[in-house]
Amino acid sequence: MNVLLYAPSLAGHPQVYCRVISRALLDAGHTVIILSPSGKHDWRAQWPPLRPLADEIRVVDVDVRQYVGDLPESLTAEQMAAIQDQHQVDSTLFIEGDKWARQFRRIAAGDASRLRGRVCAICDRASEWYPGEDPYTGKTEPLIAPTIRQTAGRIRRRLFNYSETQGYYYEHVLLRGRVVDALIVKDERIAQRFGAPVFWMPEIHKVFDTTPHERRGADWHQFADPIRAYVARAGADNVLLYFGTGAWYKGYDGFLRLALRDPNSFALHAGAPDRREAGKPYAIDVDAARNQLLHQGRLFETNAFVESMDLVDLVFSSISRFVSTHRLTLSSGTALQALEQGKPVLTPDTGLVGWRTRHFKLGMHYPYGSEDGLLDAWQQFRSGSQDPEAEPLQAFMRPFSRSEVERFFIEILTGGEWVGASNANRREAARRSIP
């Protein structure tokens, strides 16, 4: 079977998704075609998780830039169909399905032909459809607004611009239009509400099949002992961990601000320096905040992408509890990594992350966007008085294991007859095991 993975961007989680899903498919005897703005030479040089795939004979690289230049998300339905035909594709997975919405709409409208074979799309912004939450704040927009004019505007948009809404897109374009065979979501509430062909996926939060070099590379030898010493000096209860590249959507400025406001906290940033995004200014001067914390001896930074999985495990196992300062409340791979290490989490109280924290008893939450609320919650959380039992954390993480992740993607891409039932049962089993 030939499976095409389309990732219009590799920055962040898509490269990890391509790696994990490809390995599962290869082990099952399938051939993988990775369509992305890169080739195998790029994988070796700039995308560490994809390096082991560069030498795999049954992995084919297709650089989307040869079709669309530097705008990989502009690939048309016709171009995608041609690529599928060229490589005799049997099944296609859109790693970031929401980015291809315009072409899916064209197919549903009959302006382009349906794609070849089985079509699956991961849509991680579907919370706007159900339960109707803003992807950042996690809050719902009620029909009745503070003013009559605002209320009238909301009613008018729903009545006259319904085709532009997320509800119309997911229900009429993707599902009723039969554009996709599987609509894959990270939010279990959506799959529970609609059922097949909407499927909940266990989010991929790390690479499972690490090579010896990936387990313990040069960054392990450079940072392991200094991090141990820093945590020992700070005390594990006092360490605030930020993992990954500094970013607006992950609340990098909120992480620094919290450390500044609490003189007993020590900040640990394991990841690359912050990356500025146009139109998304930080709430504070992050450079000044960093310098102040460094001057006080309360910030440790790797200033580089963390490649060694042993180093990843070290930083998450070194802390007592994990605090998420995410602006984006859809989900959190870093929270999953902390939970895997048995660490309770403190998250915003809205969106999927807030719902999971409450529903599965994973730790504490704080009012979204409130600096004072976060500070108060952190000081209470740090005391350990609200720590949950270990079993809820373990039960929550069971469906995110390597075996469950790999089985899900093999089933969904090959059209396993019982994928719907097994998908629901795995999540329900975790829920029922919670006291």
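An account of the accompanying structure is given in this report. (Residues numbered from 1 in each chain as written. Predicted model: local features only at pLDDT ≥ 70, side-chain atom pairs only at ≥ 80, totals over all residues. Heavy atoms only, no water.)

**Focus on the pattern of salt bridges**
When the charged atoms of two side chains lie near each other, side chains of opposite charge can form a pair.
Here is step 1: Enumeration over the complete set of coordinates arrives at 38 salt bridges.
Here is step 2: A salt bridge links R23 to D27; its shortest N-O distance comes to 3.4 Å. You can see R23 and its partner D27 sitting in helix α1 (residues 13-27), four residues apart, about one turn around the helix.
Here is step 3: For R23, a relative accessible area of 14% corresponds to the buried category.
Here is step 4: In this structure D27 comes out as exposed when scored by relative accessible area, which is 51%.
Here is step 5: With a closest N to O distance of 2.8 Å, R106 and E78 form a salt bridge. You can see R106 sitting in helix α5 (residues 101-109) and its partner E78 sitting in helix α4 (residues 77-86), a full 28 residues away along the chain.
Here is step 6: One network of salt bridges, with partners in common, ties together R19, R23, D27, E56, D209 and E214. (Salt bridge = Lys/Arg side-chain N within 4 Å of Asp/Glu carboxyl O. Helix = DSSP H or I, 4+ residues; strand = E, 2+ residues; numbered from the N terminus. Buried < 20%, exposed > 50% of the residue type's maximum accessible area, 1.4 Å probe, protein only.)

**Quick look at helix α15 (residues 351-359)**
Here is step 1: Burial of α15 is extensive: seven of the nine residues sit out of reach of the surface.
Here is step 2: Listed as buried for α15 are G351, L352, V353, G354, W355, R356 and T357.
Here is step 3: The positive-phi residue at the C-terminal boundary of α15 is K361, with phi of around 55°.

**Focus: the sheet that holds strand β4 (residues 91-94)**
Here is step 1: Ordered by their spatial adjacency, seven strands build an open sheet running β3-β2-β1-β4-β5-β6-β7, and the pairing between neighbours is parallel. Unpaired on one side and paired on the other, β3 (59-63) and β7 (198-200) mark the two borders of the sheet. Each strand of the sheet is rotated relative to its neighbour by a mean of 20°, with strand direction disregarded.
Here is step 2: In this structure, strand β1 (residues 2-6) lies alongside β4, joined through four bridges in parallel fashion. Note on β4: the bridge partner recorded for L4 is T92.
Here is step 3: Lying over the sheet, helix α18 (residues 402-414) contacts β1, β4, β5 (118-122), β6 (182-185) and β7, oriented at roughly 135° with respect to β5. (Pairing = 2+ DSSP bridges. Axes fitted to C-alpha atoms, helices over the stretch in contact; angles between N-to-C directions. Contact = heavy atoms within 4.5 Å.)

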